[in-house]
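# Chain and residue survey
Letter by letter, the chains look like this.
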Amino acid sequence: MNSEAPQVEMYFFPYVGGGHQIPMIDIARLFASHGAKSTIIVTPTNALQFQNSILRDQNSGHPISIHALQLLDGAVSPDSDMSATPSTDTTVLREPLKLFLIEHKPDCIVFDMFHRWAAELFDELGIRRIVFNGSGCFPRCVKENIRKYEPHEKVGSDYEPFLVPGLPDRIELTRSQLPVFLRDKSGRSDRMAKDEEKSFGAVVNSFYELEPAYADYFRKEMGKKAWLVGPASLCNKNTTDKAERGKQADQSCLRWLDEKEPNSVLYISFGSKPSFAPGQFLEVAHALEASNYSFIWVVGKTFKDEERCLPGGFEERIKESKKGVIIRGWAPQLLILEHGAVGGFMTHCGWNSMLEGVCCGVPMITWPLSAEQFSNEKLVTDVLGIGVQVGSMEWMSFSSEKKALVVREKVEVGVKRMMSGGDEIVEMRKRAKELAEKAKKAVQVGGSSSIDADALIEELKSSKKMRVDSGG
Ligand code: UDP
């Protein structure tokens, strides 16, 4: 390697849960496709989940590899089959990671903020760290201004809407829709905010054209150094990569979709760890039967019939009438969303799902549950104008007992509004398709995300060159 153009070496340390791990793997692949030598550091079990796509990238000549951490004897791996929650403890990875980093020093490590112990370790070892928090600029601006101005303290009840001050658009929320840590000011996420503050910057799975006013706000008003390099999912170019993303998915639903008319099917998914109040799925099932549109519904592996029972004979009826498909395992989400038969996406507004809906130009029925999903909903419905709200009001933590229900009538109204394809939905679809085009352009050579990825690599390269030249 000559000192004129040293190759940049980037490490990626993803979290163990689906919604954070999946995009970071994609981002590592993306940087490798831009020429950075990329290493993904994971547990041995996690490695199995995406090693095939990495192998394919290697065969295409991309400088990417996986380093599987060897856990100390007796240590229990925090793997969770994609369903880790933000509170899953990963400290067991600290020692093996430390041993690896003592031997190998990259130009930077991109790490997930949910490894709450990691920033300290990287500082101790003098490794430049870049934070990844899984979401986009918009929800972070919303959170920042709620924290700063505390508008939720000035309303009379949990359900009285308040305006989030200081933002480019009029964004209203209620106290009931705020995460507990924002409501009660506990230190948990302040710690993560501090980790972000002291980082070299943030890699963001978003693209400038999606949220230009908020990307500017994030950088200029909040003073964050950020590289918007997404949508990360677009690095999955072939069907195999898409079908294996996250987990190996059963593709039989795609053949079912082939038989359907364009825009006639509603795709329903609530992310990698769907969790609802008992009885909620019964409400959804009744609404689906009453509205009578075709659907694919991912109920997830954790679905327990006895807890969230479906109406008697529901599955037999939808099978016989060919009205619906229920997926109990892992759905090939990217392939479903890009299928022309899919006309709407009922989503919990996880940042990845929302972005994937955008990339496929599919309008959404928004049903936020947790994390920053209530902010994401506002981006979809109030800023981008590509979705209708189901009327979810209660933020729920992943670990708490779920009580709040969205009643069947509300669900039915949402489904009918979306799937009837009225003028407002035609307009939404048009806007969604335009955004999808912008997303594709953003990751192409010369696009905003491609430029941002190159800019980070260049920055790392020049500081490496300075170090090499000064003999450091
Ligand atoms: N996903 C999938 N198949 C499933 C469930 C989820 O491919 O059956 C993927 C989905 O495409 C997305 C991720 O898992 O990339 C979920 O991330 P998101 O931010 O939407 O939600 P979370 O799981 O973090 O709540």
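Fair warning: this is a prediction, and the values are worked out from it, not measured in the lab. (Residues numbered from 1 in each chain as written. Predicted model: local features only at pLDDT ≥ 70, side-chain atom pairs only at ≥ 80, totals over all residues. Heavy atoms only, no water.)

## Looking at the sheet that holds strand β3 (residues 64-68)
As summarised here, the arrangement of the seven strands in space is β3-β2-β1-β4-β5-β8-β9, forming an open sheet in which the pairing is parallel. Two strands close off the open sheet at either side, each with one partner strand: β3 and β9 (226-228). Strand-to-strand, the axes of this sheet are offset by a mean angle of 25°, without reference to chain direction. Sitting on the sheet, helix α2 (residues 44-59) is in contact with β2 (37-42) and β3, with an inclination near 165° to β3. Helix α8 (residues 212-221) contacts β8 (201-204) and β9 of the sheet and is inclined by roughly 165° relative to β9. (Pairing = 2+ DSSP bridges. Helix = DSSP H or I, 4+ residues; strand = E, 2+ residues; numbered from the N terminus. Axes fitted to C-alpha atoms, helices over the stretch in contact; angles between N-to-C directions. Contact = heavy atoms within 4.5 Å.)

## Quick look at the packing of aromatic side chains
Scanning the entire structure with this criterion turns up 15 aromatic pairs. Taking the centre distance of 4.7 Å and the plane angle of 75° together, the rings of F138 and Y214 count as edge-to-face. Here F138, found in helix α5 (residues 137-149), pairs with Y214, found in helix α8; they are 76 residues apart in sequence, far enough to count as distant. You'll find F138 and Y214 in the same group, each marked buried. Clustering of aromatic rings is evident, with ring pairs tying together F270, F276, F281, F295, W297, F314 and W367. Lying over the aromatic face of F200, R128 brings its terminal NZ or CZ to 4.2 Å of the ring centre. (Phe/Tyr/Trp six-rings, centres within 6.5 Å; stacked < 30°, edge-to-face > 60°. Buried < 20%, exposed > 50% of the residue type's maximum accessible area, 1.4 Å probe, protein only. Lys NZ or Arg CZ within 6 Å of the ring centre and 35° of its normal.)

## Focus: the site of the ligand
S272, A331, N352, S353 and E356 are the nearest of the 16 residues found near the ligand. One of the side-chain N or O atoms of H348 is found 2.9 Å from an oxygen atom in the ligand. Within the contact set of the ligand, an oxygen atom lies 2.7 Å away from a side-chain nitrogen or oxygen of N352. For the ligand, whose free accessible area comes to 540 Å², the fraction covered by protein is 95%. The set of elements that each furnish at least two residues to the shell around the ligand consists of α1 (18-33) and α14 (351-359). Looking at the shell around the ligand, the element that brings in the most residues is α14, giving four residues. Among the residues forming the shell around the ligand, the class breakdown is five nonpolar, eight polar and three charged. (Near = heavy atom within 4 Å. Polar contact = N/O pair within 3.5 Å; in protein donor to acceptor, adjacent residues only side chain to side chain. Areas by Shrake-Rupley, 256 points an atom, 1.4 Å probe, with all protein chains shown as cover. Nonpolar A, V, L, I, M, F, W, Y, C, P; charged D, E, K, R; others polar.)

## Describing the nonpolar core
Judged by nonpolar contacts, the single largest core of 85 residues is most densely connected at F13, F122, I296 and I336. Among the nonpolar cores identified, the runner-up in size contains 30 residues, and V299, L310, F314 and I318 belong to it. (Core = buried A, V, L, I, M, F, W, Y, C linked by side-chain atoms within 4.5 Å.)

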